[in-house]
Amino acid sequence: MKKAILILPILVLAILTLSGCNDTETKLIDTFTWQMTTIQNGKDGSAVACAPELAEIHEGAKPLRLTCKAKNGNLTITDSTQTISYTGEYSLKQVESGETIYNISIEGNEGYGVTSMTTYHDGGQNPTFIICIEPYTINFESGDK
């Protein structure tokens, strides 16, 4: 009986630990339709393109509406007029502290991507997806607000 009492807390702890290792974090990338907010130059961080509603605060950046969809290891990035279309792939690299890191390949260019929840000063949160493929960083946020 004492063995059962000792084993029970260990078993409960193991179940709780394993239930925390579910696939939810790794599927954040597949959950949303991602809307581009900015494309930044990797050398100086300046915005070279941005969502049209952000053009006023990113002087000189080309207004551009890009959407990214991820599903089962495949990425598709298109613009609102469907004149721009890129395809790629992603694979899970690591999950760490609320963020998930992916290996990304778009049209033969290699880089990485990160999904996480961004917390703002007002306490609000929004899912974000950032792709880094030199020389650019593409910032996306959930379009499903």
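As shown above, the structure is provided for reference.
A few points on the structure. This is a predicted model, so every value here is computed, not measured. (Residues numbered from 1 in each chain as written. Predicted model: local features only at pLDDT ≥ 70, side-chain atom pairs only at ≥ 80, totals over all residues. Heavy atoms only, no water.)

## Describing the overall build of the protein chain
The number of helices and strands found in the protein chain is two helices and ten strands. Listing each helix as α and each strand as β along the protein chain from the N terminus yields α-α-β-β-β-β-β-β-β-β-β-β. The buried share of the protein chain, reckoned over its 145 residues, is 34%. Pairs at least 24 residues apart make up 35% of the contacts formed inside the protein chain by residues separated by at least 6 positions. About 9,400 Å² of surface is accessible on the protein chain, with carbon and sulfur atoms providing 56% of the total. (Helix = DSSP H or I, 4+ residues; strand = E, 2+ residues; numbered from the N terminus. Buried < 20%, exposed > 50% of the residue type's maximum accessible area, 1.4 Å probe, protein only. Contact = heavy atoms within 4.5 Å. Areas by Shrake-Rupley, 256 points an atom, 1.4 Å probe, with all protein chains shown as cover.)

## Structural notes on the environment of Lys 69
Its location among the elements puts Lys 69 in strand E4 (residues 66–71). Residues Lys 69 and Thr 31, 38 residues apart in the sequence, show an inter-C-alpha distance of 8.9 Å. Dropping the residues within four chain positions of it, Lys 69 is found in contact with Thr 33, Asn 74, Leu 75 and Thr 76.

## Describing the packing of aromatic side chains
For any two aromatic rings, the description comes down to two numbers: the centre-to-centre distance and the angle of the planes. By the definition in use, this model includes four aromatic pairs. When the centroid spacing of 5.5 Å and the interplanar angle of 50 degrees are considered together, the rings of Trp 34 and Phe 129 count as tilted. Taken as a pair, Trp 34 in strand E1 (residues 33–41) and Phe 129 in strand E9 (residues 125–133) lie far apart in primary sequence, 95 residues in all. Each member of the pair, Trp 34 as well as Phe 129, is classed as buried. Ring plane angle 90 degrees and centroid distance 5.5 Å describe the contact between Tyr 90 and Tyr 102, whose orientation is recorded as edge-to-face. Separated by twelve residues along the polypeptide, Tyr 90 in strand E6 (residues 85–96) and Tyr 102 in strand E7 (residues 99–106) bring together distant segments of the chain. The residues Tyr 90 and Tyr 102 share a single accessibility class, namely buried. Put simply, the rings of Phe 32, Trp 34, Phe 129 and Phe 140 pair up and form one aromatic cluster. (Phe/Tyr/Trp six-rings, centres within 6.5 Å; stacked < 30°, edge-to-face > 60°.)

## A short note on the environment of Glu 99
Inspection of the secondary structure assignment puts Glu 99 in strand E7. Taking the relative accessible area as the measure of exposure, Glu 99 reaches 30% and is therefore partly exposed. On a C-alpha basis, the gap between Glu 99 and Met 117 in space is 7.5 Å, while along the polypeptide they are 18 residues apart. Setting aside anything within four residues of it in sequence, one finds Glu 99 in contact with Gln 94, Val 114, Thr 115 and Ser 116.

## Examining the nonpolar core
If you look at soluble globular proteins, the nonpolar side chains tend to sit buried side by side. Trp 34, Leu 75, Ile 104, Phe 129, Ile 131 and Phe 140 are the most contacted members of the largest nonpolar core, which has 22 residues in total. Those residues within four positions of Leu 75 in sequence are excluded, and the remaining contacts are Cys 68, Lys 69, Ala 70, Tyr 86, Thr 87, Gly 88, Glu 89, Tyr 90, Ile 104, Ile 106 and Phe 129. (Core = buried A, V, L, I, M, F, W, Y, C linked by side-chain atoms within 4.5 Å.)

## Details of the pattern of salt bridges
Enumeration according to the criterion identifies one salt bridge in this entry. The closest approach of N and O atoms between Arg 65 and Glu 53, which form a salt bridge, is 2.8 Å. Placement of Arg 65 in the loop between strand E3 (62–63) and E4 and of Glu 53 in the loop between strand E2 (47–50) and E3 is noted, with a sequence separation of twelve residues between them. When its relative accessible area of 32% is taken as the criterion, Arg 65 is described as partly exposed. The exposure class of Glu 53 is exposed, given its relative accessible area of 55%. (Salt bridge = Lys/Arg side-chain N within 4 Å of Asp/Glu carboxyl O.)

## Some details on the layout of surface pockets
Reported here for the largest pocket is a volume of approximately 350 Å³. In terms of lining, the largest pocket is formed by 16 residues, of which the most central are Ile 39, Tyr 86, Ile 106, Tyr 136 and Ile 138. Those elements giving two or more residues to the lining of the largest pocket turn out to be E9 and strand E10 (136–142). Here the lining of the largest pocket is composed, by residue class, of 13 nonpolar, one polar and two charged. (1 Å grid on protein atoms, 1.4 Å probe; cavity = no way out; pocket = protein on both sides within 12 Å on 5 of 7 lines; lining within 4 Å. Points joined across faces, edges and corners; volume = space filled by probe spheres on them. Nonpolar A, V, L, I, M, F, W, Y, C, P; charged D, E, K, R; others polar.)

The values reported here are purely geometric and, on their own, carry no functional implication.
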